[in-house]
Amino acid sequence: MKYILLLLIIVFSAECSRKIQFEVEPNNNLNEANEINIKSEVKGKISSASDKDYFTFTTDSEVNVRIEVSALKGINHAFGVFSASGGEGAVIKYVDDARKSSPEKIANLNLPKGKYYIAVSHGERDEKKGDDSAEYILSVYPSDSSVSEIEPNDFFDSAQKIDYGSEITGYFSPAFNKLNQNSKGRYREEDIFYFSVDASEENPAVIDISLSAVKGINSVIEICDADGNSVFTADFAGEGKAESVSGLGLMKSGNYFIRIYSKSMTENSEEKYFFSLKKGDFSPDRELESNDDFGKANPLQDKISGTVSDSKDIDYFFRSSESGRFYSVSVLGKSVKASIFDKSYRKLYSSDNASGSIIFPNIFCDGGYYISVSSKHTSEPQDYTVSISEYEAEKEFETEPNDSIKSAEAVENSVKGYYSYSGDKDYYKINLGSREKIKFKIRGIDDTEMTVSVTDALGYRVKTVSVKGSSEIEFSETIDVSAYLIVEFSGSVSDSDYSIDMIKQR
Amino acid sequence: MKMIFIWFLAAAAACSGGSSVMKKDPVILSGSASNTNPSGISGSEFKLPYNYNVKLIIKDSTVNNPNDDRRCFYKVFLNKVEAGRSTIGLESQDKHVEFKLENNRHLIKVEKYVLNEKKGSYEKVNNIDQPKPDFIYFDSLNDRILIIELNHKSASGNSGEFTLSFEKK
């Protein structure tokens, strides 16, 4: 107990004896700047609306520094950093979080050997008013030695190079960059990196990027080409979650830029991010991002695998098709949804089968069709595989879409069909030309319960029967010249077919 | 004793070429058999059977308000086996169904179905709203076409009035 008390006294005494240098007014211009050192703190006041305090220090070699100005109650203050060689007009970094009573800080600023100035003044927001009683503390310290980000890296021409396989450590700091006048992200603090690509359409470069989670930050990764055009944006995860780009395919050689920023312009000067770039091998069996819309759909032959990052990520594929053939598409994935579109982008089928297996057993689309895959999860990446089988079309098979009376397919003596997706309905039109009694012979599908309804000429159900599994049933019903058959399903989507035979009775 | 009385009524109807049997009276019609004529023409005043020899016609003369006039049909059971259904029409319209039956006594029974537009399907109406009686016994002939008319008066107690006749040339 005695030792603990002694220790507390020593610590308290040390704290009390910590002497912080006070600014020496006047220091209101470059010539009057107070000299400070790295690893030092200095107190100051913003005494009047126009008061601006200048401080200067010299670096003997390249150094990363952390600069912080403590909060001033009721005042929005700011500081700018510039070099002696560039002058006050060439600000290296201007730090202003546009808030009252909050500290201004930059976690990491790279300064080559030279002389630098820091100017502390009012910020741009709120009324400028001095307060002679409130003191701020300006501190300048070397930043964490593990940081490899080189600030300022806020623009394409100051972008920092990142090599394949390497990892860069940096900060989402400061909150704003008032020098950023880009209309798409005005005042947004961005860290920009670049990398080189050697690729062609036949042999695309496959890029993976990962960015670690940082508390309070909803991070965004944007990839731009050499002209600054956005190629892909990853904004899948929410606040405090890691972000990534997986399997981005780049088909043109040249430099590409990676822009990292906090979506809501929040900062975290304490927790570092870890950012890495990897180059993979191109495989036609693996999706290439970005394939997030019809125009960027990946070509697909027989099989392809991919990953959807979250519910906002949609992967598109295009399969060319021939007339007279039909295609069975299966999508295997734990928690994914899939849809089929024709060449006019009209949705034909959609399924989010919970069992992890989605089958679209009979796709007829002259010229080709699109397949989209998305995740049912909001944030967890989902892997999937799309497989396609091609068949010679048989005449008696249904032609989707036939999901409504309007799209009912005319049938005569028999028809075969599939339970194509969850919620599928098949409509058929029977047109006999006279009133006839018909015997219907129906064969169902394994593990599926089917109901078959015969309607009147207007489509109102007259008789409904159910068929369980692959059993066969027969029933008779009178058709008043014309009628519809409606086939509905429950149970598992299957690649087995059902059949309906219609025999006229005397 | 009761059966004899019923037979007497039906036989009288057959002899006169037409009969009306009201309410719950079960009906038996009898007649003599003869060979069918494929041409459909005979020397008598009655039309010969071709595709059918029994025709059931059902209508409802008591429905006059369009709002109450529902789309409906009648499912028909012959000798307790489902044999088909009538055409579909408004309750006020004639609906019919034809059968070709061998010479014998037969039982015909009907069940009324009306359209539930919300559900998109026809539903059997409650027993209390079915015609009363909903059946008739009759003897079919293979040289005449028996017309069984059921006037289902749904708006006045659901009484079913059967009228029997032979189709004339």
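Starting from 1, residues in each chain are numbered consecutively following that chain's sequence as written. Ligands are numbered from 1 and chains lettered from A, in the order in which they are written. Only residues with pLDDT of at least 70 get local features here, since the model is predicted, and only at 80 or more are side-chain atom pairs given and counted; chain-wide, interface and lining totals rely on the full set of residues. The side-chain quantities take in all heavy atoms of the structure and omit both hydrogens and water.

Colleague: Break down the sheet that holds strand S16 (residues 230-234) of chain A for me, with residues and values.
Modeller: Residue and element names in this part refer to chain A. Strand order in the open sheet made by the five strands is S11-S13-S18-S15-S16, with mixed pairing throughout. Of all the strands in the sheet, the pair left with one neighbour each is strand S11 (160-161) and S16. Judged from the two bridges that link them, S11 and strand S13 (residues 190-197) form a sheet pairing that is parallel. By the bridge assignment for S13, Gln-160 is matched with Phe-193. Pairing between strands is defined by DSSP: at least two bridges between the two strands are required. Runs of H or I in DSSP of at least four residues are treated as helices and runs of E of at least two as strands, each being numbered from the N terminus.

Colleague: Talk me through the side chain of Arg-461 of chain A; I want residue IDs and the actual numbers.
Modeller: By the secondary structure assignment, Arg-461 of chain A is in strand S33 (residues 461-468). Reaching out from Arg-461 of chain A, the side chain makes a polar contact with the side chain of Ser-453 of chain A at a distance of 3.2 Å. In what follows, a contact means two residues having at least one pair of non-hydrogen atoms within 4.5 Å. Beyond its immediate stretch of four places on either side in the chain, Arg-461 of chain A contacts Ser-453, Val-454, Thr-455, Ile-486 and Glu-488 of chain A together with Lys-119, Gly-120, Ser-121 and Tyr-122 of chain B. Any N or O atom pair separated by 3.5 Å or less is treated as a polar contact, with the protein-specific requirement of one donor-capable and one acceptor-capable atom, and with residues adjacent in sequence counted only for side-chain atom pairs.

Colleague: Which residues make up the pattern of salt bridges, and what are the values?
Modeller: Here, a salt bridge means any Lys or Arg side-chain nitrogen found within 4 Å of an Asp or Glu carboxyl oxygen. Following the criterion strictly, the structure yields 39 salt bridges over all chains and no others. Residue Glu-390 of chain A pairs with Arg-325 of chain A through a salt bridge whose shortest N-O separation is 2.5 Å. Taken together, the residues Glu-390 of chain A in strand S28 (residues 382-392) and Arg-325 of chain A in strand S23 (residues 325-333) connect sequence positions 65 residues apart. Three labels apply to residues, based on accessible area from a 1.4 Å probe with only protein chains included: buried if under 20% of the type maximum, exposed if over 50%, partly exposed otherwise in between. A relative accessible area of 30% means that Glu-390 of chain A is categorised as partly exposed. With a shortest N-O distance of 3.9 Å, Lys-59 of chain B and Glu-149 of chain B are connected by a salt bridge. Of this pair, Lys-59 of chain B sits in strand S2 (residues 54-59) while Glu-149 of chain B sits in strand S10 (residues 146-153); the two residues are 90 residues apart in sequence, bridging distant segments of the chain. You can call Glu-149 of chain B partly exposed: its relative accessible area is 27%. Through salt bridges with shared partners, a single ionic network connects Arg-435, Lys-463, Glu-477 and Asp-480 of chain A together with Glu-82 and Arg-85 of chain B.

Colleague: Describe the packing of aromatic side chains, and please don't skip the residues or the numbers.
Modeller: Two aromatic rings, drawn from Phe, Tyr or Trp (for Trp, its six-membered ring), form a pair once their centres lie within 6.5 Å of each other, and the interplanar angle then sorts them: stacked below 30 degrees, edge-to-face above 60, tilted otherwise. Enumeration over the complete set of coordinates arrives at 32 aromatic pairs over all chains. With centroids separated by 6.4 Å and ring planes inclined at 55°, the aromatic side chains of Tyr-194 of chain A and Phe-257 of chain A adopt a geometry described as tilted. With Tyr-194 of chain A in strand S13 and Phe-257 of chain A in strand S18 (residues 254-262), this residue pair connects regions lying 63 residues apart in the sequence. Here Phe-257 of chain A falls in the buried class, since its relative accessible area comes to 11%. Relative to Tyr-498 of chain A, the ring of Phe-489 of chain A has its centre 5.7 Å away and its plane inclined at 45°; by these criteria the two rings are tilted. Aromatic rings pair up to connect Phe-294, Tyr-316, Phe-318, Phe-341, Tyr-345 and Tyr-370 of chain A into one cluster. Our definition puts a charge over a ring when NZ of Lys or CZ of Arg is within 6 Å of the ring centre and also within 35 degrees of the ring normal. Against the face of Tyr-261 of chain A rests Arg-188 of chain A, its NZ or CZ located 3.6 Å from the ring centre. Residue placement shows Arg-144 of chain B over the ring face of Phe-166 of chain B; its charged tip is 5.2 Å from the ring centre.

Colleague: Help me get a handle on the nonpolar core, residues and values and all.
Modeller: Proteins that are soluble and globular tend to have nonpolar side chains buried together. All names here are of chain A. Here, the term nonpolar core denotes a set of buried Ala, Val, Leu, Ile, Met, Phe, Trp, Tyr and Cys residues that are joined through side-chain atoms within 4.5 Å. Among the nonpolar cores identified, the biggest contains 28 residues, and Phe-195, Ile-209, Ile-223, Leu-250, Ile-258 and Phe-275 are the most heavily contacted of them. Here this core gets four residues from one element, more than from any other, and that element is strand S14 (residues 205-211). Setting aside residues up to four positions removed in sequence, Ile-209 forms contacts with Ile-221, Ile-223, Glu-243, Ser-244, Val-245, Ile-258, Phe-275, Ser-276 and Leu-277. In this structure, Tyr-419, Phe-440, Ile-442 and Met-450 belong to the second largest nonpolar core, which totals 26 residues.

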